[in-house]
Amino acid sequence: AEQAAAYWRKKNQRNFQFNASLDWNIVKGLTFHTEGGYGYSFSELKNWWSDITTNASYEGGLPLAEWTKTNTKSVREEANLTYDFKLKKDHHFNVMIGQEYSNDMSDYTKMHGSGYSTALTAEQVFNNFGKGTLTPIVSSYTYPDERMLSFFGRINYTYKDRYLATITAREDGSSKFEDGHQWG
């Protein structure tokens, strides 16, 4: 029981996702569709080790703590226009063009503190993180946004409801790739 009380961990995680879509029949056969979404997630992890743990023995034998926080946001939007029509009674066409955009953003912060008084509980340490005898080490990073933009189209042709031909095209651009190689 003493060893179990020597280590304390608390994790807090939240995810939120909001989505919406809209379809609009502009005129007979012509439809506009759009959809979008926003997502947000938050993660926080707190670790505390008392003076009797192996981790504390590596840092002067006093309690230590780590506090990690991650935030992630995402945005997505897509829109397309579809035209469905017949020429005479044997030729049926369905033509669609569209585009899609997404952007993912995130940041990360980690704090490491040590040299806390053995009289402090884990909750007290996190409420007074700067109270350790050593200066807390803080590392923080904002990841580059990951963006993607796409354009696409499709033509379906049916002859006498018997023969089908389809042509599709798509072009994607991504910020993950180096300049000059972002589209393909």
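J.: Help me out: how do you make sense of a nonpolar patch on the surface in this one?
T.: Nonpolar side chains collect at one region of the surface, where Trp24, Ile26, Val27, Leu81 and Ile97 lie side by side and expose about 460 Å² of accessible area between them. Broken down by element, the residue count for the nonpolar patch peaks at three residues, all from strand S1 (residues 7-27). Among the structural elements, Ile26 can be located in strand S1. Judged by its relative accessible area of 33%, Ile26 falls in the partly exposed class.

J.: Explanation requested: the pairing of S1 in the structure shown.
T.: With 20 bridges joining them, S1 and strand S2 (residues 30-49) adopt antiparallel strand pairing. The residue bridging Ala20 from the neighbouring strand is Gly36, located in S2. The turn linking S1 back onto S2 is made up of two residues, and Gly29 within it adopts a positive phi angle of 90°.

J.: What exactly am I supposed to notice about the environment of Lys10 here?
T.: With respect to the helices, strands and loops of the structure, Lys10 is situated in strand S1. Taking the C-alpha atoms as reference points, Lys10 and Tyr40, separated by 30 residues in sequence, lie 20 Å from one another.

J.: Help me understand the sheet that holds strand S4 (residues 91-114), please; the structure alone is not making it clear to me.
T.: By definition, the strands of a sheet pair up through backbone hydrogen bonds, in either a parallel or an antiparallel sense. Read across the sheet, six strands follow the order S1-S2-S3-S4-S5-S6 without closing on themselves; strand pairing throughout is antiparallel. A single partner strand is all that each edge strand has here, and the edge strands are S1 and strand S6 (163-174). Pairwise comparison of adjacent strand axes, ignoring direction, gives a mean angle of 10° for this sheet. The pairing of strand S3 (residues 64-87) with S4 spans 24 bridges and is classified as antiparallel. The residue of S4 that forms the bridge with Leu64 is Ser114.

J.: Where do I start with the nonpolar core in this structure?
T.: Note on soluble globular proteins: their nonpolar side chains tend to be buried together. Counting residues in hydrophobic clusters, the biggest one holds ten residues: Trp8, Trp48, Ala65, Trp67, Met111, Tyr116, Ala122, Val125, Phe126 and Phe129. Counting only elements with at least two residues in this core, the list comes to S3 and helix H3 (122-127). The biggest single contributor to this core is H3, with three residues.

J.: I would appreciate a short explanation of the side chain of Thr82 in the present structure.
T.: With respect to the element layout, Thr82 can be found in strand S3. Overall, the relative accessible area of 17% leaves Thr82 in the buried class. Every residue in contact with Thr82, bar those within four places of it in the chain, is listed here: Gly29, Leu30, Thr31, Asn94, Val95 and Met96.

J.: Would you explain the packing of aromatic side chains in this entry?
T.: The way to describe two aromatic rings as a pair is by their centre distance and the angle between their planes. For the structure shown, the criterion picks out twelve aromatic pairs. An aromatic cluster of at least three residues, connected via ring pairs, comprises Trp8, Trp67, Tyr116, Phe126 and Phe129.

J.: Is there a simple way to think about the pattern of salt bridges in this case?
T.: Two side chains that carry opposite charge are able to pair once their charged atoms sit near each other. Evaluation of the coordinates by the stated rule reveals seven salt bridges. Its salt-bridge partner being Glu35, residue Arg76 comes within 3.1 Å of it at the nearest N-O pair. Of this pair, Arg76 sits in strand S3 while Glu35 sits in strand S2, and the two are 41 residues apart along the sequence. Exposure remark for Glu35: the relative accessible area of 25% places this residue in the partly exposed category. Each member of the salt-bridge network shares a partner with another, and the members are Glu35, Arg76, Glu100, Arg170 and Asp172.

What counts and how
Residues numbered from 1 in each chain as written. Predicted model: local features only at pLDDT ≥ 70, side-chain atom pairs only at ≥ 80, totals over all residues. Heavy atoms only, no water. Patch = residues over 30% accessible without salt bridge, like charges linked within 9 Å, V, L, I, M, F, W, Y side chains within 5 Å. Areas by Shrake-Rupley, 256 points an atom, 1.4 Å probe, with all protein chains shown as cover. Salt bridge = Lys/Arg side-chain N within 4 Å of Asp/Glu carboxyl O. Helix = DSSP H or I, 4+ residues; strand = E, 2+ residues; numbered from the N terminus. Buried < 20%, exposed > 50% of the residue type's maximum accessible area, 1.4 Å probe, protein only. Pairing = 2+ DSSP bridges. Axes fitted to C-alpha atoms, helices over the stretch in contact; angles between N-to-C directions. Core = buried A, V, L, I, M, F, W, Y, C linked by side-chain atoms within 4.5 Å. Contact = heavy atoms within 4.5 Å. Phe/Tyr/Trp six-rings, centres within 6.5 Å; stacked < 30°, edge-to-face > 60°.

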